[in-house]
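In case you want the letters, here they are:
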Amino acid sequence: MTKRKWISLGIAIVALIGIAIYFVGFYPTPSERAFDKGLTYVKEQNVSILQIHKKQEHGPSVFFFSDTDQVGMIEAAPGEDLIQAKAQKNNVANGISLVSLAGIERHSGILLEREDAADIERVTFAKDEEELAQFEIEEDDGDYSGFLDESRSLSDYNVITLTKSNGESEVIILD
(Lines give C-alpha, C1' and ligand atoms only; values in the text may rest on other atoms or scores of the structure.)
Protein backbone atom coordinates (compact mmCIF):
# COMPACT_ATOMS: atom_id res chain seq x y z
CA MET A 1 0.00 0.00 0.00
CA THR A 2 1.13 3.46 -0.72
CA LYS A 3 1.71 6.13 1.88
CA ARG A 4 -1.44 7.94 0.78
CA LYS A 5 -3.61 4.85 1.36
CA TRP A 6 -2.09 4.32 4.84
CA ILE A 7 -2.90 7.93 5.75
CA SER A 8 -6.49 7.55 4.48
CA LEU A 9 -6.89 4.32 6.43
CA GLY A 10 -5.51 6.00 9.59
CA ILE A 11 -7.91 8.94 9.23
CA ALA A 12 -10.84 6.54 8.75
CA ILE A 13 -9.88 4.56 11.86
CA VAL A 14 -9.52 7.73 13.97
CA ALA A 15 -12.93 8.93 12.71
CA LEU A 16 -14.55 5.60 13.64
CA ILE A 17 -12.97 5.72 17.09
CA GLY A 18 -14.27 9.28 17.52
CA ILE A 19 -17.79 8.25 16.53
CA ALA A 20 -17.65 5.29 18.93
CA ILE A 21 -16.50 7.52 21.78
CA TYR A 22 -19.38 9.92 21.08
CA PHE A 23 -22.02 7.17 21.20
CA VAL A 24 -20.55 5.49 24.26
CA GLY A 25 -19.76 8.60 26.27
CA PHE A 26 -22.05 11.38 25.19
CA TYR A 27 -25.12 10.02 23.43
CA PRO A 28 -28.05 9.88 25.88
CA THR A 29 -29.22 6.47 27.04
CA PRO A 30 -32.79 5.34 26.35
CA SER A 31 -33.64 6.14 29.97
CA GLU A 32 -32.29 9.69 29.63
CA ARG A 33 -34.19 10.21 26.37
CA ALA A 34 -37.42 8.98 28.00
CA PHE A 35 -36.85 11.35 30.94
CA ASP A 36 -36.34 14.28 28.55
CA LYS A 37 -39.48 13.32 26.60
CA GLY A 38 -41.58 13.22 29.78
CA LEU A 39 -40.14 16.49 31.07
CA THR A 40 -40.82 18.23 27.76
CA TYR A 41 -44.42 16.98 27.76
CA VAL A 42 -45.07 18.14 31.32
CA LYS A 43 -43.54 21.57 30.64
CA GLU A 44 -45.72 21.99 27.54
CA GLN A 45 -48.83 21.32 29.63
CA ASN A 46 -48.11 24.34 31.88
CA VAL A 47 -48.68 22.43 35.10
CA SER A 48 -47.00 22.65 38.46
CA ILE A 49 -44.53 19.77 38.86
CA LEU A 50 -44.83 18.39 42.38
CA GLN A 51 -42.21 15.62 42.26
CA ILE A 52 -40.01 13.87 39.72
CA HIS A 53 -38.76 10.35 40.27
CA LYS A 54 -36.07 9.06 37.94
CA LYS A 55 -34.73 5.54 38.00
CA GLN A 56 -30.97 5.26 37.83
CA GLU A 57 -30.40 2.95 34.89
CA HIS A 58 -33.14 1.53 32.73
CA GLY A 59 -36.35 2.15 34.63
CA PRO A 60 -39.12 4.64 33.98
CA SER A 61 -39.22 8.26 35.09
CA VAL A 62 -42.40 9.42 36.79
CA PHE A 63 -43.65 13.00 36.88
CA PHE A 64 -46.25 13.91 39.54
CA PHE A 65 -47.96 17.19 38.73
CA SER A 66 -50.86 19.45 39.63
CA ASP A 67 -53.12 21.60 37.49
CA THR A 68 -55.84 24.03 38.57
CA ASP A 69 -58.46 21.31 39.10
CA GLN A 70 -56.56 18.03 38.62
CA VAL A 71 -53.58 16.03 39.83
CA GLY A 72 -51.80 13.70 37.47
CA MET A 73 -48.87 11.45 36.73
CA ILE A 74 -46.92 10.60 33.63
CA GLU A 75 -44.62 7.60 33.31
CA ALA A 76 -41.91 7.87 30.67
CA ALA A 77 -40.19 4.53 30.10
CA PRO A 78 -37.49 3.70 27.56
CA GLY A 79 -39.02 2.40 24.34
CA GLU A 80 -42.60 2.98 25.52
CA ASP A 81 -45.23 5.64 24.93
CA LEU A 82 -46.00 8.06 27.74
CA ILE A 83 -48.57 6.64 30.15
CA GLN A 84 -50.73 9.20 31.91
CA ALA A 85 -53.29 9.22 34.72
CA LYS A 86 -55.29 12.18 36.01
CA ALA A 87 -57.78 12.64 38.82
CA GLN A 88 -59.92 15.52 40.04
CA LYS A 89 -58.62 17.41 43.04
CA ASN A 90 -60.23 16.66 46.41
CA ASN A 91 -61.23 13.19 45.18
CA VAL A 92 -60.43 11.60 48.55
CA ALA A 93 -61.64 14.19 51.04
CA ASN A 94 -61.68 17.94 51.37
CA GLY A 95 -58.12 19.10 50.65
CA ILE A 96 -56.76 15.62 49.86
CA SER A 97 -56.17 14.48 46.27
CA LEU A 98 -54.94 11.04 45.20
CA VAL A 99 -53.84 9.75 41.82
CA SER A 100 -52.54 6.29 40.90
CA LEU A 101 -50.88 5.17 37.69
CA ALA A 102 -50.53 1.54 36.65
CA GLY A 103 -47.71 1.61 34.14
CA ILE A 104 -44.64 -0.60 34.17
CA GLU A 105 -44.99 -0.34 37.94
CA ARG A 106 -47.87 1.07 40.02
CA HIS A 107 -47.20 4.59 41.29
CA SER A 108 -49.34 6.70 43.60
CA GLY A 109 -49.19 10.33 44.60
CA ILE A 110 -51.06 12.47 47.09
CA LEU A 111 -51.47 16.24 47.25
CA LEU A 112 -52.56 18.07 50.40
CA GLU A 113 -54.25 21.44 50.04
CA ARG A 114 -55.46 22.01 53.58
CA GLU A 115 -54.78 24.78 56.06
CA ASP A 116 -52.86 22.34 58.28
CA ALA A 117 -50.89 20.72 55.42
CA ALA A 118 -47.58 22.09 56.75
CA ASP A 119 -48.11 20.16 60.01
CA ILE A 120 -48.86 16.80 58.38
CA GLU A 121 -45.89 14.43 58.14
CA ARG A 122 -47.56 11.22 57.02
CA VAL A 123 -50.81 10.07 55.41
CA THR A 124 -51.86 6.44 55.74
CA PHE A 125 -54.57 4.69 53.72
CA ALA A 126 -56.14 1.55 55.20
CA LYS A 127 -58.93 -0.91 54.56
CA ASP A 128 -60.43 -1.68 57.96
CA GLU A 129 -57.31 -2.62 59.97
CA GLU A 130 -54.98 -3.41 57.05
CA GLU A 131 -52.58 -0.66 55.98
CA LEU A 132 -52.52 -0.26 52.20
CA ALA A 133 -50.11 2.66 51.77
CA GLN A 134 -48.23 5.24 53.76
CA PHE A 135 -47.10 8.52 52.20
CA GLU A 136 -44.33 10.66 53.67
CA ILE A 137 -45.33 14.28 53.00
CA GLU A 138 -42.72 16.65 51.56
CA GLU A 139 -42.93 20.40 50.96
CA ASP A 140 -41.73 21.97 47.73
CA ASP A 141 -42.55 25.56 46.80
CA GLY A 142 -45.59 25.59 49.07
CA ASP A 143 -47.00 22.30 47.72
CA TYR A 144 -47.35 19.43 50.18
CA SER A 145 -47.24 16.06 48.47
CA GLY A 146 -46.19 12.45 48.86
CA PHE A 147 -45.23 9.78 46.33
CA LEU A 148 -44.94 5.99 46.33
CA ASP A 149 -42.83 4.49 43.57
CA GLU A 150 -44.23 0.99 43.92
CA SER A 151 -47.61 0.97 45.61
CA ARG A 152 -50.51 -1.37 46.06
CA SER A 153 -53.85 -0.65 44.48
CA LEU A 154 -55.56 2.15 46.36
CA SER A 155 -59.04 1.72 44.94
CA ASP A 156 -60.55 0.17 48.07
CA TYR A 157 -59.79 2.07 51.29
CA ASN A 158 -62.06 3.31 54.03
CA VAL A 159 -59.76 4.88 56.64
CA ILE A 160 -57.29 7.73 56.18
CA THR A 161 -54.98 8.70 59.01
CA LEU A 162 -53.17 12.05 58.95
CA THR A 163 -50.20 12.07 61.34
CA LYS A 164 -49.04 15.54 62.35
CA SER A 165 -45.58 16.65 63.42
CA ASN A 166 -46.71 17.12 67.04
CA GLY A 167 -47.71 13.45 67.24
CA GLU A 168 -51.45 13.98 66.93
CA SER A 169 -53.42 11.92 64.43
CA GLU A 170 -56.58 12.80 62.57
CA VAL A 171 -58.60 9.82 61.40
CA ILE A 172 -61.01 10.19 58.49
CA ILE A 173 -63.50 7.34 58.11
CA LEU A 174 -65.11 7.11 54.71
CA ASP A 175 -68.48 5.55 54.06
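It is worth spelling out the overall build of the protein at this point. The helix and strand inventory of the protein stands at two helices and twelve strands. Listing each helix as α and each strand as β along the protein from the N terminus yields α-α-β-β-β-β-β-β-β-β-β-β-β-β. Structurally, the protein occupies a C-alpha span of about 90 × 30 × 30 Å along its principal axes. Buried positions account for 39% of the 175 residues belonging to the protein. For the protein, contacts bridging at least 24 residues in sequence account for 45% of all contacts bridging at least 6. Carbon and sulfur atoms provide 50% of the accessible area of the protein, an area that totals close to 10500 Å². Taken together, the 16 basic and 31 acidic charged side chains of the protein have centroids lying 15 Å from each other.

This paragraph deals with unusual backbone geometry. Peptide bonds are mostly trans, and most non-glycine residues show a negative phi. A positive phi angle, near 55°, is found at D128, a position not held by glycine. Relative to the helices and strands, D128 is located in the loop between strand 7 (120–127) and strand 8 (130–136). The backbone phi angle of D141 is positive, close to 55°, even though this residue is not glycine. Along the polypeptide, D141 turns up in the loop between strand 9 (138–140) and strand 10 (143–148).

Let us look at the environment of L162. With respect to the secondary-structure elements, L162 resides in strand 11 (residues 159–164). Accessibility expressed as a relative area gives 0% for L162, which makes it buried. Once you skip the residues sitting within four places of it in the chain, L162 turns out to touch I96, R114, I120, R122, V123, E168, S169, E170 and I172.

Turning our eyes to something else, we now look at the pattern of salt bridges. This structure, assessed with the given rule, holds six salt bridges. Put simply, D116 and R114 hold a salt bridge, and the shortest N to O gap is 2.9 Å. A salt bridge links E170 to R114, with the nearest nitrogen and oxygen atoms 2.8 Å apart. Placement of E170 in strand 12 (residues 169–173) and of R114 in the loop between strand 6 (106–112) and strand 7 is noted, with a sequence separation of 56 residues between them. Residue class for E170 comes out partly exposed when judged on its relative accessible area of 26%. Among the charged side chains, a salt-bridge network with shared partners connects R114, D116, K164 and E170.

Next up on the list: helix 2 (residues 30–44). Taking 1.5 Å per residue, 15 residues should reach 21 Å; helix 2 reaches 21 Å between its end C-alpha atoms and fits that length. All of the buried residues along helix 2 are S31, A34, F35, G38, L39 and V42. Angularly, the buried residues of helix 2 cover 135° about the axis, an arc narrow enough to put them on a single face. Turned more than 90 degrees off the buried face of helix 2, the exposed positions are K43 and E44. Structurally, helix 2 contributes buried residues whose contacts are with strand 1 (48–54), strand 2 (61–66) and strand 3 (70–76). N46 sits one or two positions beyond helix 2 and adopts a positive phi of about 55°.

Our next topic: the sheet that holds strand 1. Taken in spatial order, the four strands line up as 1-2-3-4 in an open sheet, and their pairing is antiparallel. Looking along the sheet, the strands with just one partner apiece sit at the ends: strand 1 and strand 4 (83–88). For this sheet the average axis-to-axis angle between neighbouring strands, irrespective of direction, equals 15°. Sheet topology places strand 1 next to strand 2; six bridges connect them, and they run antiparallel. In the sheet register, I49 faces strand 2, and the bridge partner there is F65. The strands touched by helix 2 within the sheet are strand 1, strand 2, strand 3 and strand 4, with strand 1 carrying the most contacts at an inclination of about 170°.

What counts, and at which threshold
Residues numbered from 1 in each chain as written. Predicted model: local features only at pLDDT ≥ 70, side-chain atom pairs only at ≥ 80, totals over all residues. Heavy atoms only, no water. Helix = DSSP H or I, 4+ residues; strand = E, 2+ residues; numbered from the N terminus. Buried < 20%, exposed > 50% of the residue type's maximum accessible area, 1.4 Å probe, protein only. Contact = heavy atoms within 4.5 Å. Areas by Shrake-Rupley, 256 points an atom, 1.4 Å probe, with all protein chains shown as cover. Lys, Arg positive; Asp, Glu negative; His and termini not counted. Charge placed at Lys NZ, Arg CZ, Asp CG, Glu CD. Salt bridge = Lys/Arg side-chain N within 4 Å of Asp/Glu carboxyl O. Expected span 1.5 Å × (residues − 1). Arc of directions from axis to C-beta. Pairing = 2+ DSSP bridges. Axes fitted to C-alpha atoms, helices over the stretch in contact; angles between N-to-C directions.

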